[in-house]
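Coordinate analysis (summary)
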Amino acid sequence: MHVLSGRQWVYQTCSEFGFYQSTDSPNQPFTGFPLGYQVKQCASFYNISAEEVAEAVAQTNEYYGGYDIRSSRIVFPNGSIDPWHALGITQDITAELPAVFIKGTAHCANMYPAGSEDLPQLSEARDHIFLLLQQWLKQ
């Protein structure tokens, strides 16, 4: 996450989808950031209670369809070494709801400016996404 977008990201997790990075699982080496800490931030920063977070997540899933997305013309890019890809769409749903799974890339790599050190599959993914958007905008 870009440093300047941190506050917006925390607000969105509290008010829409509750994607928290916590240390509750015993299957990882980190400590100090349990789920309760994340939820307390919602209350402290935005006056959003744990119950309101749960309601907001349910409303978001209802509105967007959860994993049964009822829409079109959405691209779902994910990097294989982005921990968020476990929550993402990594297989095409339909031709108008394609997934772009980019091996060897991290969080939001496809959104950063192109560079000479980019992996070939990252460049190909950007090109593919650009072509999809061009096609959709022409229709």
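Summary of the structure given here. (Residues numbered from 1 in each chain as written. Predicted model: local features only at pLDDT ≥ 70, side-chain atom pairs only at ≥ 80, totals over all residues. Heavy atoms only, no water.)

1. Description of helix H1 (residues 6–17)
With 12 residues, H1 extends 15 Å between its outermost C-alpha atoms, agreeing within 8% with the 16 Å of an ideal straight helix rising 1.5 Å per residue. Within H1, the full set of buried residues consists of Gly-6, Val-10, Thr-13, Cys-14 and Phe-17. Each buried residue of H1 lies within a common arc of 145 degrees when the element is viewed along its axis, so the set occupies one face. Next to the buried residues of H1 lie helix H2 (35–46) and helix H3 (50–64). With its phi angle positive at about 55 degrees, Gly-18 sits one or two positions after the end of H1. (Helix = DSSP H or I, 4+ residues; strand = E, 2+ residues; numbered from the N terminus. Expected span 1.5 Å × (residues − 1). Buried < 20%, exposed > 50% of the residue type's maximum accessible area, 1.4 Å probe, protein only. Arc of directions from axis to C-beta. Contact = heavy atoms within 4.5 Å.)

2. Topic: H3
Here H3 is 15 residues long and its end C-alpha atoms lie 21 Å apart, about the 21 Å a rise of 1.5 Å per residue gives. All of the buried residues along H3 are Val-53, Ala-56 and Thr-60. What you see down the axis of H3 is that its buried residues fit within an arc of 60 degrees, all on one side. Facing away from the buried side of H3, by more than 90 degrees, are the exposed residues Glu-51, Gln-59 and Glu-62. Summarising the contacts, the buried residues of H3 are in contact with H1 and H2. In the segment just after H3, Gly-65 is the residue with positive phi, at about 95 degrees.

3. Notes on the environment of Gly-79
In this structure, Gly-79 sits in strand E1 (residues 76–79). Overall, Gly-79 belongs to the buried group, its relative accessible area being 4%. Separated by 11 residues in sequence, Gly-79 and Thr-90 place their C-alpha atoms 9.2 Å apart.

4. Comments concerning the environment of Gly-65
With respect to the secondary-structure elements, Gly-65 resides in the loop between H3 and E1. Classification of Gly-65 as buried rests on a relative accessible area of 11%. When the C-alpha positions of Gly-65 and Val-53 are compared, they lie 18 Å apart, and in sequence the two are 12 residues distant. For Gly-65, the residues in contact, after removing those within four places along its chain, are Thr-60 and Arg-70.

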